[in-house]
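Architecture at a glance
The lines below spell out each chain.
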Amino acid sequence: MRNRSLALSFATVLATAALTGCAVTSHGVQPSALGKARPSSELLPMLTQPGPVELETVVSCDWAVERGGLINLDHPTAKRAGLEDGDEPVQVFFHALRHPEKGLFIVDTGVETALRDAPEKAAMRGLVASAMNMEKMTVHAPLGEWLAKQQQPLAGVFLTHLHLDHITGMADVPAGTPVYTGPGEASDRAFVNLVVQGNSDRALAGKPPLSEWTYAREDAGLFDGAVDIFGDGSVWALWLPGHTPGTTAYLVRSTKGPVLLAGDVSHTRWGWEHDVEPGSFNNDADRATVSFKKLRAFAHAHPEVEVRMGHQH
């Protein structure tokens, strides 16, 4: 009787998981102690002021993914241009931020060294690696190899979101390094996460609980919320949900001028320049389009800001 009861309980768990999915990771989550929510309008006067942050964008690997996921091919502009589905050449980046007082941080993680040297030991493997077409990746600068050449330790990781291609290098991040992400990223439930979660957990192993940016929602703001990360206006986290619940872009006041790291609010240069939102790779397509339009309006109003897309320069 006890075995039958256990079997029924297990079957119930499986049935529930099949209906509701599971979280993208079982890794712990906590509110971020870093940064302070401020009205997004407060960043505007700072755009013309010289910034203190040295910014470097590193192409960790070349890749190719389905164009229909990256660009809405049903958009009239895409149809007029004759765009069709097929492989779109992209890159996987990480961005290094060197703050003169706070140290070295990265935005997203590129790819891990094991993906090139020992793929069977990489955090992303098995069905997930096949589904992501990792065989199409040409690795140039794995994160671990790059970190080994740096003269200062990594102080933290700022994620645009928790999709696997943005944490593929996380296993190379030293244990104990703080990792920051937008609200609701870790708890977002989907059926596909039944397969994804193990890979995410392996990538995040040894890291502290994920620190979620504590945005104050702005219903009529430039963005859904903004956090002044270091308290000096040099780096801002900008909440732009839709691609995922906590999707975050980062505005960096670099020594060469303001730079917007758009993440997957816009994956491609073509989509950005032609005002065509991303395609099927979205959690909430309608909300993602709203966020895309907000970011485009901001960039149009402030042409001095350089924009770097999620997967193309």
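Refer to the structure printed above.
These lines cover the structure that appears in this document, whether it is placed above or below. (Residues numbered from 1 in each chain as written. Predicted model: local features only at pLDDT ≥ 70, side-chain atom pairs only at ≥ 80, totals over all residues. Heavy atoms only, no water.)

What follows is about the environment of Arg-287. Mapped onto the elements of the fold, Arg-287 is located in helix α9 (residues 285-301). One polar contact links Arg-287 to Asp-224, side chain to side chain, over a distance of 3.4 Å. (Helix = DSSP H or I, 4+ residues; strand = E, 2+ residues; numbered from the N terminus. Polar contact = N/O pair within 3.5 Å; in protein donor to acceptor, adjacent residues only side chain to side chain.)

Below, the discussion takes up the packing of aromatic side chains. Counted according to the given criterion, the structure contains 12 aromatic pairs. Ring geometry for Tyr-180 against Trp-213: centres 5.1 Å apart, planes inclined by 15 degrees, an arrangement best described as stacked. Taken together, the positions of Tyr-180 in strand β9 (residues 179-181) and Trp-213 in the loop between β11 (210-212) and β12 (225-228) put the pair 33 residues apart, joining distant regions of the chain. Exposure class is identical for Tyr-180 and Trp-213. Each is buried. When the centroid spacing of 5.2 Å and the interplanar angle of 5 degrees are considered together, the rings of Tyr-215 and Trp-239 count as stacked. Here Trp-239 lies in strand β13 (residues 235-239) and Tyr-215 lies in the loop between β11 and β12, a separation of 24 residues in the sequence. The burial state of Tyr-215 is the same as that of Trp-239; both residues are buried. Ring pairs connect the aromatic residues Phe-105, Phe-158, Tyr-180, Trp-213, Phe-230 and Tyr-250, which therefore count as one cluster. When the ring centre of Trp-272 is taken as origin, the NZ or CZ atom of Arg-296, which lies over that ring, is 5.8 Å away. (Phe/Tyr/Trp six-rings, centres within 6.5 Å; stacked < 30°, edge-to-face > 60°. Buried < 20%, exposed > 50% of the residue type's maximum accessible area, 1.4 Å probe, protein only. Lys NZ or Arg CZ within 6 Å of the ring centre and 35° of its normal.)

In this structure, Met-137, Trp-146, Val-157, Ile-167 and Met-170 are the most contacted members of the largest nonpolar core, which totals 45 residues. Looking at this core, the elements that each hand over two or more residues are β4 (54-66), β5 (87-99), β6 (103-107), α4 (113-117), α5 (127-131), α6 (143-147), β8 (154-158) and α7 (193-204). Among the nonpolar cores identified, the runner-up in size contains 21 residues, and Ala-226, Leu-251, Trp-272 and Val-307 belong to it. (Core = buried A, V, L, I, M, F, W, Y, C linked by side-chain atoms within 4.5 Å.)

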